[in-house]
Amino acid sequence: MRGFLRWLTGKDGSSVATWEEGEPDITVDVHPAAPPKPPAAKPEPAKPSPALIVQKDELLLVGVHPGLVRVVLRARWDGAAFRIIEGLRSKERQAMMVSSGKSQTMKSRHLTGHAVDLAPVVGGSVTWDWTHYYPLAERVKAAAKAEGVPIEWGGDWISFKDGPHWQLPMRAPYLA
Ligand SMILES: [Zn+2]
């Protein structure tokens, strides 16, 4: 026999079920239709992540310590205008630089990937004018601080100032 339970609320608030024959005269939709969605807001055009914009000079970061790479890229993404001049350097090139007086050591941190050279870019061109190295140095130092990477600037050296030169300190975990 087909029937259904009709639940009634008694005067004292209790529920009382009665059996009734036939089809239930009320239907309860247990899956009510979702309310209409408000019209979707027009999405903002996505800004490309700076990580996806690779500049040609960043190829020079191949073989450079990842901590130093983070500092260089952070400085760039934060708006510093510079070109990466050199990263990892071969022994042969280092020997050439020493003989031509451009470097004074065969223990350069470029040989182990712990140094990079950065030159400020002004009006689209690299400049060797010292006045532009100081503001760049501030930005690179700020980027290093933000990345938690200790860094040394050749411009802070006393005996042989090297404006484009940046290196990780010669201590663990940045030893060769
Ligand atoms: Zn250098």
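This structure is a prediction, so every number in the text was calculated from the model and none was measured. (Residues numbered from 1 in each chain as written. Predicted model: local features only at pLDDT ≥ 70, side-chain atom pairs only at ≥ 80, totals over all residues.)

**Student:** Mind showing me how you'd approach the overall build of the protein here?
**Tutor:** Along its length, the protein carries three helices and seven strands. Along its sequence from the N terminus, the protein presents helices and strands in the succession β-β-α-β-α-β-β-α-β-β. For a compact globule of 176 residues, the expected C-alpha radius of gyration is about 16 Å, and the protein comes in at 34 Å, more than 25% above that figure. C-alpha atoms of the protein, sized along the principal axes, occupy 105 × 40 × 30 Å. Within the protein, the fraction of its 176 residues that count as buried is 22%. (Helix = DSSP H or I, 4+ residues; strand = E, 2+ residues; numbered from the N terminus. Rg over C-alpha atoms; globule rule 2.2 N^0.38 Å. Buried ≥ 20, exposed ≤ 12 C-beta atoms within 10 Å, placed from the backbone.)

**Student:** What is the right way to look at helix α1 (residues 66-77) in this model?
**Tutor:** The periodicity of an α-helix, 3.6 residues per turn, causes residues three or four places apart in sequence to face the same way. The terminal C-alpha atoms of α1, which comprises 12 residues, lie 16 Å apart, in line with the 16 Å expected from a rise of 1.5 Å per residue. For α1, the full list of buried residues reads L68, V69, V71, V72, R74, A75 and R76. Residues of α1 that are buried sit in contact with β3 (82-86), β4 (115-122) and α3 (133-147). Downstream of α1 by one or two residues, G79 has phi in the positive range, about 110 degrees. (Expected span 1.5 Å × (residues − 1). Contact = placed C-beta atoms within 7 Å.)

**Student:** Whenever I open this one, the nonpolar core confuses me. Can you help?
**Tutor:** Within soluble globular proteins, side chains that are nonpolar generally end up buried alongside one another. Core analysis: the biggest nonpolar cluster contains 22 residues, and L68, V71, V72, V116, L118, V140 and W166 have the highest contact counts within it. Those elements that place two or more of their residues in this core are α1, β3, β4 and α3. Apart from residues lying up to four places away in sequence, L68 is in contact with H114, V116 and L168. (Core = buried A, V, L, I, M, F, W, Y, C linked by C-beta atoms within 7 Å.)

**Student:** Would you mind going over the environment of Y174 with me for this structure?
**Tutor:** Note that Y174 resides in the segment after β7 (165-167). The contacts of Y174, once residues within four sequence positions are left out, are H65, H114, L168 and P169.

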